Amino acid sequence: MTQISVIGSGVEHETRAEEVGRLLAERGATVVCGGLGEVMAAAARGAKSAGGTTIGILPGESRADANEWIDHAVITGIGHARNLAVVASGDAVIAVGGRWGTLAEIGFARALGRYVVILEPGLEVAGVPRARTPEEAVELALENA
């Protein structure tokens, strides 16, 4: 089964992240995320609304930290270093919003050879393709997974 990592942050991006999660689940992909709030929770919520499966890779030491839409929680206890595990666990990566942690995840993903697509509006990263809509982002990720 295909696993797609959804990365990012920012409450203003939750609607698009939820749509990405739903579309991925409808296409049979498992959604991998950081397991916490904002974009991560929205993507997981969207996946669950379509009957999908979610994996949350948590920075802390407690499964209780996971948002309520996570099916499988991976406890790392390694803080921000878990960003590497989030993107390594996906066959491709969709970035929705985000700040420094998302930028680090994009860098890790590209270093690992993972396909990354940034959903508009998003971070400006040279050489990383961009998608105008959640549908386009999901299509690109699945085509290149």
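To be clear, the structure that these remarks concern was listed above.
Analysis parameters
- Residues numbered from 1 in each chain as written.
- Predicted model: local features only at pLDDT ≥ 70, side-chain atom pairs only at ≥ 80, totals over all residues.
- Heavy atoms only, no water.
- Buried < 20%, exposed > 50% of the residue type's maximum accessible area, 1.4 Å probe, protein only.
- Helix = DSSP H or I, 4+ residues; strand = E, 2+ residues; numbered from the N terminus.
- Pairing = 2+ DSSP bridges.
- Right-handed = clockwise from strand over helix to strand, strands pointing away.
- Core = buried A, V, L, I, M, F, W, Y, C linked by side-chain atoms within 4.5 Å.
- Salt bridge = Lys/Arg side-chain N within 4 Å of Asp/Glu carboxyl O.
- Phe/Tyr/Trp six-rings, centres within 6.5 Å; stacked < 30°, edge-to-face > 60°.
- Lys NZ or Arg CZ within 6 Å of the ring centre and 35° of its normal.
- Contact = heavy atoms within 4.5 Å.
- Axes fitted to C-alpha atoms, helices over the stretch in contact; angles between N-to-C directions.

Caption draft 1: Structural detail: the pairing of strand β5 (residues 92-97). Counting buried positions along β5 yields 6 of 6 residues, so the element is predominantly enclosed. Two strands pair when backbone bridges link them, and β5 and strand β6 (residues 115-119) are joined in this way by 5 bridges, in the parallel orientation. What sits directly across from Ala92, in β6, is Tyr115. After leaving β5, the chain enters helix α4 (residues 100-111) and then returns to the sheet as β6, a path that is right-handed.

Caption draft 2: Representation of the pairing of strand β3 (residues 54-58) within the structure. In terms of residue burial, β3 counts as a mostly covered element, since 5 of its 5 residues are buried. Neither face of β3 is left uncovered, since the one carrying Thr54, Gly56 and Leu58 and the one carrying Ile55 and Ile57 both have all their residues buried. Relative to β3, strand β2 (residues 30-33) runs parallel, the two sharing 3 bridges. Looking across to β3, one finds that Cys33 is bridged to Gly56. Assessed by its sense of winding, the connection that carries the chain from β2 through helix α2 (residues 39-49) to β3 is right-handed. Sheet topology places β3 next to strand β4 (residues 72-75); 4 bridges connect them, and they run parallel. Each residue of the ladder has a partner; that of Leu58, found in β4, is Ile75.

Caption draft 3: Inspection of the nonpolar core at higher detail. Ile4, Val6, Val20, Leu24, Ile94 and Val96 are the most contacted members of the largest nonpolar core, which has 24 residues in total. Counting residues per element, the ones that place at least two in this core are β1 (3-9), α1 (14-26), α2, β5, β6 and α5 (134-143). In terms of residues, this core owes the most to one element, α1, which gives 5 residues. Residues Val93, Ala95, Ala109 and Val128 belong to the second largest nonpolar core, which totals 14 residues.

Caption draft 4: Summary view of the pattern of salt bridges. This model, assessed by the stated rule, comprises 10 salt bridges. Among the salt bridges present, the one from Glu18 reaches Arg45, with a minimum N-O distance of 3.2 Å. Linking Glu18 in helix α1 with Arg45 in helix α2, this pair joins segments that are 27 residues apart in sequence. Among the ionic pairs, Glu139 bridges to Arg27, the shortest N-O distance being 2.8 Å. Highlighted residues: Glu139 in helix α5 and Arg27 in the loop between α1 and β2, separated in sequence by 112 residues. The class for Arg27 is partly exposed, based on a relative accessible area of 48%. Among the charged side chains, a salt-bridge network with shared partners connects Glu14, Glu18 and Arg45.

Caption draft 5: Region of the structure containing the packing of aromatic side chains. A full pass over the atoms with the stated rule returns 0 aromatic pairs. When the ring centre of Trp69 is taken as reference, the NZ or CZ atom of Arg45 above it lies at 4.9 Å.

Caption draft 6: Here's a closer look at the sheet that holds β2. Strand order across the open sheet formed by 7 strands is β4-β3-β2-β1-β5-β6-β7, with parallel pairing between neighbours. This sheet does not close on itself; its edge strands, each paired only once, are β4 and β7 (130-131). Bridge count for β1 against β5 is 6 bridges, and the pairing is parallel. Each bridged residue has a counterpart across the sheet, and for Ser9 the counterpart in β5 is Gly97. The strands that α2 touches are β1, β2, β3 and β5; relative to β1, the one it contacts most, it runs at about 140 degrees. Lying on the sheet, α5 is in contact with β1, β5, β6 and β7; it crosses β6 at an angle near 175 degrees.

In short, the description is geometric, and any link to function would need to be established separately.
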